[in-house]
Amino acid sequence: MSQFAYQNGVLHAEGVALNAIAEQYGTPTYVYSKAQLLGNFAAYADACAGRDALVCYAMKANSNLAILDLLARQGAGFDIVSGGELLRVIAAGGDPRKVIFSGVGKSVDEMRLALTHDILCFNVESIPELHRLNEVAGSMGKKARISLRVNPNVDAKTHPYIATGLKANKFGVAFSDALDTYRTAASLPHLDVCGIDCHIGSQLLDDAPLLEALDKLIELIDTLDAEGIHLHHLDIGGGLGVDYGEVGEGAPVAVGDYLGRLFRRVDAWRAERHGGKPIKVIFEPGRSIVGNTGVLLTRVEFLKHGEEKNFCIVDAAMNDMARPALYQAWMDMQPVVQSSAAGETFDVVGPICESGDWLARERALAVAPGDLLVMHTAGAYGMTMASNYNTRGRAAEVMVDGGQTHLVRRRETPQELFALESVLK
Ligand SMILES: *Cc1c(COP(=O)(O)O)cnc(C)c1O
């Protein structure tokens, strides 16, 4: 059940009307539901109950400290892609020993920071990275726990910008090179080879590609076992989609169903081929934890009737929500106050000086200037991708908990946007 629903014709987040939030905090504003967030995490945690499993929330989807804090309290680990994200985990009270570090370009400083905080594992993506990490760990008198991100070459059947598991992608080590790369890793004195990981793409509605990737990882674990390289964990990545509400797109598989199928395969393999030995299973979900946890609340500035199109110009823009401009993503737009008036067809666009600055196209909306709209399912890859283009301060973020609202990030002021700059002396 969504925590964003109409009550007496007004869209609410849990118990709070969104027009009240707009009054108090202004627009554009991201509004999150605590209950939705915790419910989404619980779907993973419940399916993992009693198992050696860890859910490492991929915080690039939404890294607000309030979200990290709530998830850390539920026992979440974190999948990070930068040193800055590790500092956020620590600032939010998360446990660095439940952190895995992904990404193709980890710097020496980032490696050092992560080793200082004794993170759970580096997900290494190339041989040069293995050598760099080995050197950095050696210089600190430490051993770095590593996993290799292998590229299982399965087609996730998603948008090309968010498919990551194909041969043509920059991510991971090719499946055919994995064995040699593991041998190299095992020969390096300051690395502790402990796992295998993959991440095949994002916004997957079906779990078949994920289970196919699992089978490939398992095959490699068997091969490595025969070589005397014994892994302690397997990390299947993230990637499960959310329902953006686009007609004809279909709903994603339920988290519990996917994890149930995955654990049945893992259990059968362990019993039949792995000598009953334990293996920890790690997940890196991002979008499926926070996607439907948030909406972007925006106000209509003007309506403009053009020769070919009608434009609904709102105060949110591509700098607040980049997904449509970046991936042609379809996101649902709805009025905060329901109306029975006949609508017109609009392109919903922002004030930024780019034709790519659109949020939704060809939508039937009954709106007038001053009305409030929400963009649904905006909790993932919304605020984290926001920029200050056109010297626009980033939106405020508000978390609703029952009948209460909490400002979890205040709106940036224009002065803050140039406070770090200086003119020539
Ligand atoms: C982005 C990313 C994730 C999260 O993906 P979602 O589709 O949001 O679940 C997980 N792992 C890695 C390595 C990623 O880059």
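Residues numbered from 1 in each chain as written. Predicted model: local features only at pLDDT ≥ 70, side-chain atom pairs only at ≥ 80, totals over all residues. Heavy atoms only, no water.

- As recorded by an unreviewed UniProt entry, the protein chain carries the name Diaminopimelate decarboxylase and is attributed to Pseudoduganella violacea.
- The UniProt entry for the protein chain carries the following text under Cofactor (unreviewed entry): "pyridoxal 5'-phosphate". (UniProt positions renumbered as here; feature names shortened; annotations may be inferred.)

### Some words on the site of the ligand
Moving on, step 1. Around the ligand, 14 residues are found, and the nearest of them are K60, S202, E284, R287 and Y381.
Moving on, step 2. At 2.3 Å from an oxygen atom of the ligand is found a side-chain nitrogen or oxygen belonging to S202.
Moving on, step 3. A distance of 2.9 Å separates an oxygen atom of the ligand from a polar atom in the backbone of G286.
Moving on, step 4. In isolation the ligand has 390 Å² of accessible area, and contact with the protein removes 94% of it.
Moving on, step 5. Grouping the amino acids of the shell around the ligand by side-chain chemistry returns three nonpolar, six polar and five charged. (Near = heavy atom within 4 Å. Polar contact = N/O pair within 3.5 Å; in protein donor to acceptor, adjacent residues only side chain to side chain. Areas by Shrake-Rupley, 256 points an atom, 1.4 Å probe, with all protein chains shown as cover. Nonpolar A, V, L, I, M, F, W, Y, C, P; charged D, E, K, R; others polar.)

### Digging into the UniProt feature "binding site: substrate" (unreviewed entry) in the protein chain
Moving on, step 1. In this numbering, the UniProt entry assigns the feature "binding site: substrate" (unreviewed entry) to R287, R323, Y327, E354 and Y381. Spanning 95 residues, the named residues are also spread out in space, since their farthest C-alpha pair is 27.1 Å apart.
Moving on, step 2. Tracing the sequence through the fold places R323 in helix α11 (residues 323-327).
Moving on, step 3. If we skip the residues at most four places from it in the chain, R323 touches Y244, R287, Q328, A329, M331, A380 and Y381.
Moving on, step 4. A polar contact is formed between the side chain of R323 and the side chain of Y244, at a distance of 3.5 Å.
Moving on, step 5. Secondary-structure assignment places E354 in the loop between β17 (344-349) and β18 (358-365). (Helix = DSSP H or I, 4+ residues; strand = E, 2+ residues; numbered from the N terminus. Contact = heavy atoms within 4.5 Å.)

### Examining empty space enclosed by the protein
Moving on, step 1. Counted under the stated rule, the structure contains one cavity of 30 Å³ or more.
Moving on, step 2. In terms of lining, the largest cavity is formed by Y44, L210, G237, G238, G239, L240, Y258, F283, E284 and P285.
Moving on, step 3. Residues of the lining of the largest cavity, tallied by class, amount to six nonpolar, three polar and one charged. (1 Å grid on protein atoms, 1.4 Å probe; cavity = no way out; pocket = protein on both sides within 12 Å on 5 of 7 lines; lining within 4 Å. Points joined across faces, edges and corners; volume = space filled by probe spheres on them.)

### Focus on the sheet that holds strand β1 (residues 4-7)
Moving on, step 1. The antiparallel open sheet is built from three strands, whose spatial order is β1-β2-β3. The open sheet has two free edges, formed respectively by β1 and β3 (16-17), since each of these has just one partner strand.
Moving on, step 2. Examined bridge by bridge, β1 and strand β2 (residues 10-13) share four bridges and lie antiparallel to one another. If you follow A5 over to β2, its bridge partner there is H12. (Pairing = 2+ DSSP bridges.)

### Re the packing of aromatic side chains
Moving on, step 1. For the structure shown, the criterion picks out five aromatic pairs.
Moving on, step 2. An angle of 15 degrees between the planes, with centres 6.2 Å apart, marks the rings of Y30 and Y32 as stacked. For the residue pair Y30 and Y32, the accessibility class agrees, reading buried in each case.
Moving on, step 3. Aromatic side chains Y44 and F283 sit 6.3 Å apart centroid to centroid with 55 degrees between the ring planes, which places their arrangement in the tilted category. In this pair, Y44 sits in helix α2 (residues 34-48) while F283 sits in strand β13 (residues 280-283), placing the two residues 239 residues apart along the sequence. Both residues of the pair, Y44 and F283, count as buried.
Moving on, step 4. Members of the aromatic cluster, connected to one another through ring pairs, are Y44, F263 and F283.
Moving on, step 5. Taking NZ or CZ as reference, K106 lies 5.5 Å from the ring centre of F101, over its face.
Moving on, step 6. Here the basic side chain of R361 rests over the ring of W358, its NZ or CZ set 4.0 Å away from the ring centre. (Phe/Tyr/Trp six-rings, centres within 6.5 Å; stacked < 30°, edge-to-face > 60°. Buried < 20%, exposed > 50% of the residue type's maximum accessible area, 1.4 Å probe, protein only. Lys NZ or Arg CZ within 6 Å of the ring centre and 35° of its normal.)

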